[in-house]
Amino acid sequence: MNKIKCECGHINPEGTVLCESCGKPVEQNQHIDGNKHNKLLNMRYDGSARRSQTYNKSFVDKIWNFFSSVKVGVWLIAITLLASSLGTIFPQEMNNQSSLPADEYYEVNYGLAGKIYYQLGFHDLYGSWWYMLLIASIGISLVICSIDRVVPLYRALKKQKPVRHESFLKRQRVFGEAEHVTDEEKETLLKQLKERRFKVMEQDGHLLAEKGRFSRWGPYVNHIGLIIFLIGALLRFVPAMYVDEQLWVREGETEVIPGTEGEYYIKNEDFFVEMYDENDERYKEAIQKEGGSVPKNYQTNAVLYQRTDDSLPGAQPELEKVKEGSIQVNRPLKIDGFALYQTTYQLNEFKSMSFKLHEKDDPNEESLGEITVDLIDPKQEYKLDNGYRVVLDKYYPEFKMENGEPITESKYPRNPALVFNIYTPENPNDPEVSMLGVGFNIDPSESNDYKLGITNVEMRDVTGLTITKDLTLPILGIGGFIFMIGVIQGMYWNHRRIWVQPRENGLWIAGHTNKNWYGLKRDIQQVIAGTNIPEPNDQLERKE
Amino acid sequence: MELSTISSYLLYTAFVLYLIATVFFAATIKEQEKATKQSKAGNIGIAITIIGFISQVGYFITRWIASQHAPVSNLFEFTTFFGMMFVFAFIVIYFIYRFNLLGLFTLPVALLIIAYASMFPREISPLIPALKTHWLYIHVTTAAIGEAILAVSFAAGLIYLIRTIDQSSLNKKTFWLEFIIYTLYATIGFVLITMAFRAGGYENVFEFQATDNNGKEITVQSEYTLPPLFGPHDNKQLTEGAMKPLVEVPSWLKGEQAARKLNTLVWSIVTGLALYGLTLLILRKRVAAWIQPALHRVNPDLVDEVSYRAVAIGFPVFTLGALIFAMIWAQQAWNRFWGWDPKEVWALITWLFYAWFLHLRLSNGWHGERSAWLAVIGFAIIMFNLIAVNLIIAGLHSYA
Ligand code: HEM
């Protein structure tokens, strides 16, 4: 490396623009920060030597320089911003509640534009490889640009001395000259600098008053926060870090909690929905507008169990109750890093139906035997006394007629229909066929002698839970927290410096801040108050 | 008197006080030497503003007690709250810079926001389960405060542009500046025309076919409160004797309320144009050109600094409220901290936009005029997310 020795004696690294110690512009490097043709010095990073501005030979240099450029960063942010907005034109597939598949949905709803949208892959824009690539590039850019600047800036701020080169002072944005200054005035100046909470360094009568230097690290701290956040988001692709499962539990039933590898079980004791009282004076008007029912609460009362035996496949698990509580929207039940959220429900699912067999013409419908069909797990055959037998021939849990054919829409007993074959002692081989469902009881042959009548129906609610475990949350939280510290540090404080240089009878005064010049000028006004030192000029301010 | 009635009166009071304060800030144009010097009119103006703000806080608290939840749960409540925080942000910035003319530009915008909010249904509504968490209030209020502070940079940016842009000819810059001013007129237009027909009890109902989310045809009704310049496609009019639509919208405008919203939009644009045209007739020059001389004592560098400062103060608050608290709430309510819902995405876009703004200012030295244009665009994005995303792209958020 070709070190640069300044006339003040300080040895600077190659690529330095302003001497780290005295601030004198290094002749051959003025083009780097564009100081050549400007009256004022570019004070970004205090003219320190940055790798990206110094080397541009190898492949690594080129990559480094690309990602450390704020221009590139600015472009990346702008492209990401525009790309993100494209994803809001039509709904994203993942937020779409439609029953249509995506390849039809967009065309049906949005015509040609929708079709193109789908074909470009914008229906899953935020999961697309190029969107991820954009985010990743921002991440890389953040790392490289921060390292490129923070180290040199740290050096420059550490090495700086109160004695500064003339041209450094003159070429500051805030600069002023005082012809005659008495010793008392200098005393006042010093005193008032300290009163304004400046840290003052003195060297041969030269002053460097500084405050808020720590705010210079704000951007780097916030970038670190962002990087941690992005790493957290990346870790969600690691299976062990992130569980997200759905579970339906019927009232009264116990299910193993998915994702816990058979360790935990949940029992749904009760599920219910509460509505707001329509006659509540307070909300009457709004509830009427909503059509009379606004939900107030969805709740599952649950018991959690832990398995205590070694989980042998097939063996009845031995369970021990570990927790009991309610699950509401916004109030998950937590166990061992897993959280159980109330996400959906099904009211009044059929649990079982009971029937009695009787002679069709019997006015008293005297029972020849009763059967109960478990609608989740129905038996095939039901034997009654006296030689009667009922066989479940067909079962439609969610019955519907389509094109004249009975079908089931799902495997959940929401609207069950059953077809029975009834074997009687008179006709042990030639059954009578009977079809029953909610609100109908059909004899297809119209020649039956026996009839099954519904005597009882048991219903229950089903709760839909989401089970999540997200070990990345703490990482994301820490990232967000560090980001906030960084932005506040960088935005609510600023780094102000005032240099005072003794001249023959008077002095020069110059000031710099990384932001909030108004605040700096007000500081200077108060520092020179009560002296004859004229207020320094803002050399950037237009004169009118 | 019922609490909710007291609450409404307090809001009216605040509105009137902001109006009076605006007049006093306008009076500072004549009075002072330097725009930031203390002036009598300015002192009275800020005092009235503060009383108005306190009155609006009173509205907020009484409504909270009456509804038993923080009143930020529907479009009226949220927008009003945003207006209140905008005034608050102005008061804070005012005491940093003592810049009187900022009041002349922020208060009318605040008035417009509150008037606009009042056009939405105002009854107190119950909260659905997903909204029942303290994080909702924390998220919504902090986000609104952040946006309000960022919006002050718009007001300052506007002052900068009116002050500095050369008005000698009509060109791209003067045109867009007038366009910004015209959007304020269009908002006034919306408020006035809505109030006028509401006062007359206008109603006109149409029935028509629309497609639902699953591609099925459904019959829906649309209730017009403004005369139908645009009617739904292939509609049947249910209100007898009322005006027939001038034009039916084409069939691809299928959303249930799309035709009605378009109709309202066109009414606002037209009314705004009429008001703006009238102003031009009276002034006989562009509005910005007419205001410009009044601002000639304003120091552009100071305004630029105010605008930048507002972004610097608002950005962290916005990040905290609109992203971090929003994620915490979403994690609790839907067990996913981020879901790419349009409202979320637009919050992200707003955030990226201001990050972009800050970096441009840092490295490329986008100060002054460019920075002022950016401040205006930033405000447009905020307003888009506040209003358009709710009205056009409905998402999970409940204000739709
Ligand atoms: C969304 C992503 C980003 C956010 C939210 C962000 C945020 C910030 C903030 C708030 C500041 C402080 C600005 C100020 O003080 O006015 C800053 C400074 C900075 N950012 Fe970023 N940034 C992001 C991405 C990037 C990228 C991709 C680069 C890479 C080129 C970059 C480079 C810088 C630099 C060089 C500074 C100035 C550092 C200094 O003053 O010492 N940022 N950033």
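Residues numbered from 1 in each chain as written. Chains lettered and ligands numbered in written order. Predicted model: local features only at pLDDT ≥ 70, side-chain atom pairs only at ≥ 80, totals over all residues. Heavy atoms only, no water.

Attention now moves to the sheet that holds strand β23 (residues 507–513) of chain A. All names here are of chain A. Spatially, β4-β5-β22-β23-β3-β24 is the arrangement adopted by the six strands of the open sheet, whose pairing is antiparallel. A strand with exactly one partner marks an edge of an open sheet, and here the two such strands are β4 (199–203) and β24 (537–538). Two strands pair when backbone bridges link them, and strand β22 (residues 496–502) and β23 are joined in this way by seven bridges, in the antiparallel orientation. Bridge pairing in β23 places isoleucine 498 opposite glycine 511. Seen against the sheet, helix α7 (residues 183–195) touches β4, β5 (206–211), β22 and β23 and runs at an angle of roughly 145° to β4. (Pairing = 2+ DSSP bridges. Helix = DSSP H or I, 4+ residues; strand = E, 2+ residues; numbered from the N terminus. Contact = heavy atoms within 4.5 Å. Axes fitted to C-alpha atoms, helices over the stretch in contact; angles between N-to-C directions.)

As a further point, take a nonpolar patch on the surface. Residue and element names in this part refer to chain A. A cluster of nonpolar side chains, contributed by Phe214, Ile488, Tyr492 and Trp493, occupies part of the molecular surface with about 360 Å² of accessible area. Among the secondary structure elements, isoleucine 488 is positioned in helix α10 (residues 473–491). A residue is classified by how much of its surface remains accessible, and isoleucine 488, at 30% relative accessible area, is partly exposed. (Patch = residues over 30% accessible without salt bridge, like charges linked within 9 Å, V, L, I, M, F, W, Y side chains within 5 Å. Areas by Shrake-Rupley, 256 points an atom, 1.4 Å probe, with all protein chains shown as cover. Salt bridge = Lys/Arg side-chain N within 4 Å of Asp/Glu carboxyl O. Buried < 20%, exposed > 50% of the residue type's maximum accessible area, 1.4 Å probe, protein only.)

Bringing the site of the ligand into the picture now. Taken together, the neighbourhood of the ligand is formed by 27 residues, with A:Arg44, A:Tyr220, A:His223, A:Lys515 and B:His359 sitting nearest. Near the ligand, residues from chains A and B are present, making the site a shared one. In the model, an oxygen atom of the ligand is placed 3.0 Å from a nitrogen or oxygen of the A:Arg44 side chain. With respect to the ligand, the side chain of A:Lys515 contributes an N or O atom lying 2.5 Å from an oxygen atom. Those elements that place two or more of their residues in the shell around the ligand are α3 (70–86), α5 (129–159), α8 (218–235) and α10 of chain A together with α9 (300–334) and α10 (342–363) of chain B. Of all the elements, α10(B) adds the most residues to the shell around the ligand, at six residues. Considering only residue class, the shell around the ligand consists of 18 nonpolar, six polar and three charged. (Near = heavy atom within 4 Å. Polar contact = N/O pair within 3.5 Å; in protein donor to acceptor, adjacent residues only side chain to side chain. Nonpolar A, V, L, I, M, F, W, Y, C, P; charged D, E, K, R; others polar.)

It is worth spelling out the sheet that holds strand β10 (residues 319–328) of chain A at this point. Residues and elements named next belong to chain A. If you trace the four strands from one edge of the open sheet to the other, you get β7-β8-β9-β10, paired in antiparallel fashion. Pairing within the sheet leaves two strands with one partner each, and these edge strands are β7 (254–256) and β10. Each strand axis lies, on average, 25° off the axis of its neighbour in the sheet, ignoring direction. Bridging between strand β9 (residues 295–307) and β10 involves nine bridges; their strand directions are antiparallel. The residue of β10 that forms the bridge with tyrosine 305 is lysine 321.

Surrounding the iron atom of the ligand are the protein donor atoms A:His223 (NE2) and B:His359 (NE2), which sit 2.0 to 2.1 Å from the metal. Coordination at the iron atom of the ligand is octahedral: its six donor atoms span angles of 81 to 177° at the metal. Of this pair, A:His223 sits in helix α8 while B:His359 sits in helix α10, which puts the two residues in different chains. For A:His223, a relative accessible area of 12% gives the class buried. With a relative accessible area of 22%, B:His359 lands in the partly exposed category. (Donors = N, O, S within 2.8 Å, 3.2 Å for Na, K, Ca; no water. Tetrahedral: all angles 85-135°; square planar, octahedral: opposite > 155°, others 65-115°.)

One non-glycine residue, A:Glu446, lies in positive phi territory at about 60°. Residue position: A:Glu446 is located in the loop between β20 (440–442) and β21 (450–470). By relative accessible area, A:Glu446 is classed as exposed at 69%. Positive phi, normally seen in glycine, also occurs at B:Gln68, with a value near 65°.

Residue and element names in this part refer to chain B. Domains assigned within chain B are domain 1 (3–157 + 288–391) and domain 2 (168–285). Here domain 1 and domain 2 have C-alpha centroids that lie 26 Å from each other. Each partner contributes to the interface: domain 1 provides 13 residues, whereas domain 2 provides 17 residues. Buried surface at the junction of domain 1 and domain 2, both sides included, amounts to about 1400 Å², of which 79% is carbon and sulfur. Counting the surface domain 1 buries against domain 2, the share from its top three residues, Leu112, Met119 and Trp373, is 41%. (Domains from an automatic or database assignment. Buried area = accessible area lost by both parts, 1.4 Å probe.)

Moving on, we come to the interface of chain A and chain B. Counting residues at the interface gives 64 residues for chain A and 67 residues for chain B. Where chain A abuts chain B, roughly 5400 Å² becomes buried across the two surfaces, and 60% of that area is made up of carbon and sulfur atoms. Applying the counting criterion to the chain A and chain B interface returns zero salt bridges. Remark: the boundary between chain A and chain B carries seven residue pairs in polar contact (both at pLDDT 80 or more). The class makeup of the residues in the side of chain A that touches chain B is 32 nonpolar, 19 polar and 13 charged.

As a further point, take the pattern of salt bridges. Residues and elements named next belong to chain A. Taken as a whole and assessed by the stated rule, the structure comprises 30 salt bridges over all chains. Across the pair aspartate 33 and arginine 50 runs a salt bridge, and its minimum N-O distance is 3.6 Å. Note that aspartate 33 is positioned in the loop between β2 (11–12) and α1 (51–54) and arginine 50 in the loop between β2 and α1, a separation of 17 residues in sequence. Here aspartate 33 matches arginine 50 in class, with each residue buried. Between aspartate 46 and arginine 497 there is a salt bridge, with its nearest N and O atoms 2.8 Å apart. A residue pair is termed long-range when its members are at least 10 positions apart, and aspartate 46 in the loop between β2 and α1 and arginine 497 in strand β22 qualify at 451 residues. What you see here is one network of salt bridges that share partners, running through Arg196, Lys211, Arg496 and Asp523.

Mean pLDDT over chain A stands at 86; residues scoring 70 or higher make up 97%. Per-element averaging of pLDDT across chain A places helix α9 (residues 284–289) of chain A at the bottom with 77 and α10(A) at the top with 95. (pLDDT = per-residue confidence, 0-100.)

Residue and element names in this part refer to chain A. Note that lysine 356 resides in strand β12 (residues 338–359). The spacing of lysine 356 and lysine 451 is 95 residues in sequence and 8.2 Å in space, taken between C-alpha atoms. Each residue touching lysine 356, except ones within four places of it in the same chain, is listed here: Glu365, Ser367, Gly369, Glu370, Lys451, Leu452, Gly453 and Thr455. Only 3.1 Å separates the side chain of lysine 356 from the backbone oxygen of glutamate 365, close enough to count as a polar contact.

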